[in-house]
Amino acid sequence: AQSVTQLDSQVPVFEEAPVELRCNYSSSVSVYLFWYVQYPNQGLQLLLKYLSGSTLVKGINGFEAEFNKSQTSFHLRKPSVHISDTAEYFCAVTVGGGKLIFGQGTELSVKP
Amino acid sequence: DTEVTQTPKHLVMGMTNKKSLKCEQHMGHRAMYWYKQKAKKPPELMFVYSYEKLSINESVPSRFSPECPNSSLLNLHLHALQPEDSALYLCASSPPSLDSETQYFGPGTRLLVL
């Protein structure tokens, strides 16, 4: 069975600082990896995904993530955050078949 | 049309009511999903429809009844719900081909059961 661990439940950061949200997964087979963002009272928006190919994936809003197979990680990074990046971020994994397994989420709080 | 829409945005219902949630997409996606999300928690998968057939039911109580009348529409019929069923209900869809593992979510319906 697959599992996802988001290592930080809350990440406070000042505006214009860099940020990294950590995600580790467990699986005995190849996986597809995703990061979603959820703003208050909204649905989930796809930030980026790794399906195959280049391990460095660029997404929307200046976010990027690197797939590291040896460390089973898929950490999300942004070099300079804005107040508007304040939201809940979910890492998710699937091995196919429609079952998306989510991490518990990381609340990113950007302070002025 | 590049989005998943859900109606209504908010719903309040009593425990004896019958109501339905609706989800639509016109992107040609052939898999559609229902999730339940409680506050401060990740979404939990409820049902998956693939090519209009139910392919996954995550042991959801029978008071939730999904329906997929056509490839663009997904309903969730609600009957005799409990207060603990209050949550955000999210619909998602995924395309049929090379990107079939990517799920695109709607804005959700926030349900309150009194």
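Q: Please clarify how the packing of aromatic side chains should be interpreted in this entry.
A: Geometry of an aromatic ring pair is reported as the spacing of the ring centres plus the angle between the planes. Tallied over the full model, the rule gives 12 aromatic pairs over all chains. Their ring planes at 50° and their centres at 5.6 Å tell us that Phe63(A) and Tyr89(A) sit as a pair that is tilted. Of this pair, Phe63(A) sits in the loop between strand E7 (56-58) and strand E8 (64-68) while Tyr89(A) sits in strand E10 (residues 87-94), and the two are 26 residues apart along the sequence. Of the two residues examined, Phe63(A) and Tyr89(A), each falls in the buried class. Ring geometry for Phe102(A) against Phe105(B): centres 6.3 Å apart, planes inclined by 65°, an arrangement best described as edge-to-face. Of this pair, Phe102(A) sits in strand E11 (residues 101-102) while Phe105(B) is found in strand E10 (residues 104-105), placing the two residues in two different chains. Here the two residues Phe102(A) and Phe105(B) agree in accessibility, since each one is buried. These aromatic residues form a ring-pair network of at least three members: Phe34(A), Tyr36(A), Phe90(A), Phe102(A), Tyr33(B), Tyr35(B) and Phe105(B).

Q: Just to check I follow, could you spell out the interface of chain A and chain B for this structure?
A: Interface extent is often summarised as the accessible area lost during association of the parts. Counting residues at the interface gives 22 residues for chain A and 23 residues for chain B. Summing the contributions of chain A and of chain B, the shared interface buries around 1600 Å²; its carbon and sulfur component is 54%. For the pair chain A and chain B, the number of links is 2 salt bridges. Asp99(B) is the partner of Lys49(A) in a salt bridge, and the nearest nitrogen-oxygen pair spans 2.7 Å.

Criteria and cut-off values
- Residues numbered from 1 in each chain as written.
- Chains lettered and ligands numbered in written order.
- Predicted model: local features only at pLDDT ≥ 70, side-chain atom pairs only at ≥ 80, totals over all residues.
- Heavy atoms only, no water.
- Phe/Tyr/Trp six-rings, centres within 6.5 Å; stacked < 30°, edge-to-face > 60°.
- Helix = DSSP H or I, 4+ residues; strand = E, 2+ residues; numbered from the N terminus.
- Buried < 20%, exposed > 50% of the residue type's maximum accessible area, 1.4 Å probe, protein only.
- Contact = heavy atoms within 4.5 Å.
- Buried area = accessible area lost by both parts, 1.4 Å probe.
- Salt bridge = Lys/Arg side-chain N within 4 Å of Asp/Glu carboxyl O.

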